[in-house]
Amino acid sequence: MDKNVKLRLATLEDAEELLKIYTPFVESEDRNISDVSFEYVAPSVEEFRDRIRNISSGYPYLIIEKDGRALGYAYAHPYILREAYQWCAEATIYLAPEGQGKGYGRILYETLEKLLILQGVTNTYACITKSNTHSVMMHGALGYKINGEFSNCGYKHGHWLDMVWMEKIIQEHKEKPALLKAFKELEASVVAEVLNSVNSN
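Residues numbered from 1 in each chain as written. Predicted model: local features only at pLDDT ≥ 70, side-chain atom pairs only at ≥ 80, totals over all residues. Heavy atoms only, no water.

Some details on the environment of Gly-103
- As for its placement among the helices and strands, Gly-103 is situated in the loop between β4 (88-95) and α5 (104-119).
- The exposure class of Gly-103 is partly exposed, given its relative accessible area of 39%.
- Along the primary structure Gly-103 and Ser-56 are separated by 47 residues, whereas in three dimensions their C-alpha atoms are 24 Å apart. (Helix = DSSP H or I, 4+ residues; strand = E, 2+ residues; numbered from the N terminus. Buried < 20%, exposed > 50% of the residue type's maximum accessible area, 1.4 Å probe, protein only.)

Concerning the layout of surface pockets
- Taken as a whole, the largest pocket holds about 1100 Å³ of empty space.
- What lines the largest pocket is a set of 43 residues, among which Val-36, Ser-37, Ile-93, Tyr-94 and Asn-132 lie closest to the centre.
- Residue contributions to the lining of the largest pocket peak at six residues, all from β4.
- Lining the second largest pocket are 15 residues, with Tyr-59, Pro-78, Leu-81, Gln-86 and Leu-180 sitting closest to its centre. (1 Å grid on protein atoms, 1.4 Å probe; cavity = no way out; pocket = protein on both sides within 12 Å on 5 of 7 lines; lining within 4 Å. Points joined across faces, edges and corners; volume = space filled by probe spheres on them.)

Observations concerning helix α4 (residues 45-58)
- Helix length check: α4 (14 residues) gives 21 Å between terminal C-alpha atoms against 20 Å at 1.5 Å per residue, within 8%.
- Residues of α4 that are buried include every one of Phe-48, Ile-52, Ile-55 and Gly-58, and no others. Angular distribution of buried residues about the axis of α4 spans 140°; they occupy a single face of the element. Turned more than 90 degrees away from the buried face of α4 sit Glu-46 and Asn-54, all of them exposed. (Expected span 1.5 Å × (residues − 1). Arc of directions from axis to C-beta.)

A short note on the packing of aromatic side chains
- Per the stated rule, a full pass over the model turns up 14 aromatic pairs.
- Here Tyr-79 and Tyr-85 contribute two aromatic rings whose centre-to-centre distance is 5.5 Å and whose plane-to-plane angle is 70°, an arrangement assigned as edge-to-face.
- Tyr-79 gets classed as partly exposed once you look at its relative accessible area, which sits at 26%.
- The exposure class assigned to Tyr-85 is partly exposed, which follows from its relative accessible area of 34%.
- Between Tyr-79 and Tyr-125, the aromatic rings sit 4.6 Å apart at their centres with planes inclined by 25°, giving stacked as the arrangement. (Phe/Tyr/Trp six-rings, centres within 6.5 Å; stacked < 30°, edge-to-face > 60°.)

Shown next as structure tokens:
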């Protein structure tokens, strides 16, 4: 990886910068961009900060940056809030235009998976607008497979949107799995080792 590119955990102080990456995916006049998110209005900085806080307590929230400027981020969150689903997680990624097409999505997702495996996650899912073919192809290249499609399940910009679910099995399913560990329960040194291994390549 480029020595000027760094992967790290998000902090609350990153909210404003990450929100700038996310907002076009909500509010751009270009439907190819804003159909990506099913939100109508981008959250405030305060709300986005709360999202980082809430997600980071349970799951990894990663940023990739170059020369100190964020180029994208990825995080995981619960697939469904029922105990029996605890070994499943939904992955989400957003890349700034200048961060696309450079392999940063792969770096973010592969690192995210390593950390999720340490927590005990076995299945990861991605919920993607069907018309977002770039994201569908990227996830496919990373080992995700489409296993569900929902027709006209979102309405935005005066038209209906289809959505696909993609799945990846990231580790074996044990007969008696241990309970899922919250991300904050992982040893800091272990998390640092994963991040350092990426940043040193």
